[in-house]
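Residues per chain, in single letters:
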Amino acid sequence: MGQLLVVISALSWTMLATGTIGIIGNILTVLVYVKLGFAETINISYVALAVSDLCCILSSMVAGFCYSPAMQALLTHFRLQVDLAKFTNFIGFWPQFAFSRTTAFLTAWISLERCLCVLFPTRVRLIITRKVTKIVITAIFFIGCCPAVLAYVEIETGWSFDPNTNTTVLLMFYSSGSDRNIFNGIATMLYSVVYSLLSWIMVTTCTIFLIIRLRQSAKWRSANASAVSGADRNFPNIQRKVNMRENRITKTVVMIACVFIACSLPKSVQSLVVLIWRHEYSAYGSLRSLVVLNAGFAMLLGEINSSTNIIFYIITGAKFRSALKQMFFHKS
């Protein structure tokens, strides 16, 4: 148990450090795309993804802080006792669940948007307008966060005094008297199975389809570009610019999707295990220490996923790099 506490403490500090970097990166992402404007709907989606990632990081940092030595020092100073597993579950894990699934669906939406741009290049602006994008993003946030609200239904808190330790105990429980209720079960089912599978299938399918279609499109344009007469001398340059832009989009989407798939796998497995063996492997069961440890590693990977997108934007986006440089090296 002593070694486990050391690992959890080190993990919590790592999450706080990683989260700080992620917060800076996502704030910069929002500022840059606001500066670039929202003439392209993909910029709206990128901003929404950055906001969701920012909330995901903040909730992960809250959960990490609860298991840090600083939290233990605060509890000791104010002579308080609290079940950290239950306490962190409600103020850290459930919000992180909500925003991580929101991030997953936003990633799927960005991939789908790119697919439509390839399938219907001349009509996509009529299909995906700014109004449609705003409605879809609002719906994704609503769907992603709603189940987390169910987890808080019928929860109650109370205070008790422990004369043996001369401390005040914070109690958290459901009004039914059990560790869970039906609403908690619904939220767990949605986040652990339904949302997890849907996001994985959507992200993987859209990304693979996007790569295949872009490669086919690039080959078709390359084959037909040689047949164009020399009357339009600017055509080859335009063609190269289009191909370069499509390659940048492909790289951005593929990198975001691959990092998401790799980083979300442990959390998805953790959620399924909790659902299957929820009486033993849960925050209320006999294996709660192992649950907390594994959840900490899964949340750290989630933080990494939410913190790396700005790197991809810098690598593939010339306008993003230019706007970012202007923010720091602006000359009047």
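Residues numbered from 1 in each chain as written. Predicted model: local features only at pLDDT ≥ 70, side-chain atom pairs only at ≥ 80, totals over all residues. Heavy atoms only, no water.

It is worth spelling out the overall build of the protein chain at this point. The secondary structure content of the protein chain amounts to eleven helices and three strands. Reading the protein chain from its N terminus to its C terminus gives the helix and strand order α-α-α-β-α-α-α-β-β-α-α-α-α-α. In the protein chain, buried positions account for 47% of the 332 residues. Summed over all atoms, the accessible surface of the protein chain reaches about 17,300 Å², with 69% contributed by carbon and sulfur. (Helix = DSSP H or I, 4+ residues; strand = E, 2+ residues; numbered from the N terminus. Buried < 20%, exposed > 50% of the residue type's maximum accessible area, 1.4 Å probe, protein only. Areas by Shrake-Rupley, 256 points an atom, 1.4 Å probe, with all protein chains shown as cover.)

Moving on: the packing of helix 2 (residues 41-66) against helix 6 (residues 130-150). Direction vectors running N to C along helix 2 and helix 6 enclose 20 degrees, while the axes themselves pass 9 Å from each other. In terms of their interaxial angle, helix 2 and helix 6 are classed as roughly parallel. Handedness of the crossing formed by helix 2 with helix 6: right-handed. Along the contact surface, helix 2 presents Thr41, Ile44, Ser45, Ala48 and Ser52, while helix 6 presents Arg130, Thr133, Ile137 and Phe141. Here the residues of the contact of helix 2 with helix 6 sort into four nonpolar, four polar and one charged. (Axes fitted to C-alpha atoms, helices over the stretch in contact; angles between N-to-C directions. Parallel < 35°, antiparallel > 145°, perpendicular 65-115°, else oblique. Left-handed = near helix turned anticlockwise from the far one by under 90°. Contact = heavy atoms within 4.5 Å. Nonpolar A, V, L, I, M, F, W, Y, C, P; charged D, E, K, R; others polar.)

Each pair of packed helices gets described by two things: the angle between the helix axes and the distance between those axes. Interhelical geometry of helix 4 (residues 84-119) versus helix 6 gives an angle of 150 degrees and a closest axis separation of 8 Å. With respect to each other, helix 4 and helix 6 are oriented roughly antiparallel. For the crossing formed where helix 4 meets helix 6, the hand is right-handed. Across from Trp94, Ala98, Phe99, Thr102, Phe105, Leu106 and Trp109 in helix 4, the residues of helix 6 making contact are Thr133, Val136, Ile137, Ile140, Phe141, Gly144, Cys145 and Ala148. Tallied by class, the residues present in the contact of helix 4 with helix 6 amount to twelve nonpolar, three polar and no charged.

With that settled, consider the confidence of the model for the protein chain. Averaged over every residue, the pLDDT of the protein chain is 80; residues scoring 70 or more account for 83%. At the level of individual helices and strands, the protein chain shows its lowest average pLDDT in helix 8 (residues 235-276), which scores 73, and its highest in helix 6, which scores 92. Taken as a whole, residues 228-233 scores under 50 in pLDDT and shows one contact with residues more than four places along the chain or in a different chain. (pLDDT = per-residue confidence, 0-100.)

Moving on: unusual backbone geometry. Of note, Arg79 is a non-glycine position whose phi angle comes to about 55 degrees, a positive value. Following the sequence through the fold, Arg79 ends up in the loop between helix 3 (69-77) and strand 1 (80-82).

Our focus in this paragraph is helix 2. Residues that lie three or four places apart on an α-helix share one face, since the helix turns once every 3.6 residues. Between the first and last C-alpha of helix 2 there are 38 Å, a value that for 26 residues agrees with the 38 Å anticipated at 1.5 Å per step. A large share of helix 2 lies buried, amounting to 20 of its 26 residues. (Expected span 1.5 Å × (residues − 1).)

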